[in-house]
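# Descriptive structure summary
Each chain is listed here by its residues.
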Amino acid sequence: MNQKKSKVFLPRIKIIQKIYNSMMNPDVEIEYPKNQYKKFIKDVVTGTLERSELIEETINKNLFHDIDLVKTDKLLKIILFAAVFELMFKHNTPTKVIISEYLLASEYFLEKIQIGFLNAILDKIAKLIRNRAKQIAFEEKFNPVITKENVLKLLGPGMDPRKYSEHIIPGVVTGLAWTRTGGDILFIETSKTIGKGK
């Protein structure tokens, strides 16, 4: 892994390490060596630890069908809590940045299948958390009940499968692209060219 890529998510690796160390050694004071990310790392570590009950309540409330925190691997739980803290309280950081950087950092700590699970969980809870934060900021009325009428507003527009399965353009096929923050549909075009048929 090149140094340029490592610098992008290095703070999240330090955050995960410090939260883990604090949980394993609760009586030891957390040290923050001087570097360009010191304030950010300290804010997220301190905030995650101080608000762990609120974060756990938020996860249980919104993802009770998707994850059982009691049975969840400790490191996966730490990464999830830190990411959720940022989604809830670091509103200046784009959702995609938070998710992709924690997924990159998790490659140092988790198995591939766990990273895929983390991706799905973060993607789902991010939509709910950020939408609620916007409602609070703009003092919008909040209805805690999910209905057919408000599910689109809460989760965003879905995908109409007919858009991808029923197109009849000659020479175009449908493909899938995988990314660290989810995936996307690709339309792959072919064209006829003069050649020797090889």
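Quick note: structure is the one above.
Residues numbered from 1 in each chain as written. Predicted model: local features only at pLDDT ≥ 70, side-chain atom pairs only at ≥ 80, totals over all residues. Heavy atoms only, no water.

For the rest of this paragraph, the subject is the overall build of the chain. When helices and strands are counted, the chain shows eight helices and two strands. Secondary structure elements in the chain, listed N-terminal to C-terminal, are α-α-α-α-α-α-α-α-β-β. Looking at the 198 residues of the chain, the share that counts as buried comes to 33%. Counting contacts in the chain only where the partners sit at least 6 residues apart, residues at least 24 apart contribute 63% of the total. (Helix = DSSP H or I, 4+ residues; strand = E, 2+ residues; numbered from the N terminus. Buried < 20%, exposed > 50% of the residue type's maximum accessible area, 1.4 Å probe, protein only. Contact = heavy atoms within 4.5 Å.)

A cluster of nonpolar side chains, namely Tyr20, Met23 and Met24, defines an oily patch on the protein surface of about 250 Å² accessible area. Along the chain, Met23 turns up in helix α1 (residues 3-24). (Patch = residues over 30% accessible without salt bridge, like charges linked within 9 Å, V, L, I, M, F, W, Y side chains within 5 Å. Areas by Shrake-Rupley, 256 points an atom, 1.4 Å probe, with all protein chains shown as cover. Salt bridge = Lys/Arg side-chain N within 4 Å of Asp/Glu carboxyl O.)

We now examine the side chain of Ser22. Its location among the elements puts Ser22 in helix α1. A relative accessible area of 15% means that Ser22 is categorised as buried. The residues contacting Ser22, other than those within four sequence positions of it, are Ile30 and Leu49.

This brings us to the pattern of salt bridges. Under the defined criterion, the tally for this structure stands at six salt bridges. Between Glu86 and Arg12 there is a salt bridge, and its shortest N-O distance comes to 2.8 Å. Placement of the pair is Glu86 in helix α4 (residues 74-89) and Arg12 in helix α1, with a sequence separation of 74 residues. The exposure class assigned to Glu86 is buried, which follows from its relative accessible area of 0%.

When the terminal C-alpha atoms of helix α2 (residues 38-50) are compared, their 18 Å separation across 13 residues agrees well with the 18 Å that a helix rising 1.5 Å per residue should span. Those residues of α2 lying buried are Phe40, Ile41, Val44, Val45, Gly47 and Thr48. (Expected span 1.5 Å × (residues − 1).)

Right, let's talk about the nonpolar core for a bit. Formed by 38 residues in total, the largest nonpolar core has its most connected members in Ile15, Ile59, Leu80, Val84, Tyr102 and Leu118. For this core, the elements supplying multiple residues, two or more each, are α1, α2, α3 (52-63), α4, α5 (95-106) and α6 (112-137). It is α4 that provides the largest number of residues to this core, a total of 11 residues. Residue contacts for Ile15: discarding those within four places in its chain leaves Phe40, Ile41, Val44, Val45, Ala82, Glu86 and Tyr102. (Core = buried A, V, L, I, M, F, W, Y, C linked by side-chain atoms within 4.5 Å.)

Here Glu31 is to be found in the loop between α1 and α2. For Glu31, a relative accessible area of 62% translates into the label exposed. Separated by 13 residues in the primary sequence, Glu31 and Lys18 have C-alpha atoms spaced 8.5 Å apart.

Another aspect to go through is the packing of aromatic side chains. Scanning all chains against the criterion turns up one aromatic pair. Note on Phe85 and Phe89: the rings are 5.1 Å apart at their centroids and 35 degrees apart in plane angle, and the pair reads as tilted. Of this pair, Phe85 and Phe89 both sit in helix α4, four residues apart, which is roughly one turn of that helix. Judged by relative accessible area, Phe89 falls into the partly exposed class, the value being 34%. Sitting over the ring of Tyr32, Lys18 keeps its end group 5.5 Å from the ring centre. (Phe/Tyr/Trp six-rings, centres within 6.5 Å; stacked < 30°, edge-to-face > 60°. Lys NZ or Arg CZ within 6 Å of the ring centre and 35° of its normal.)

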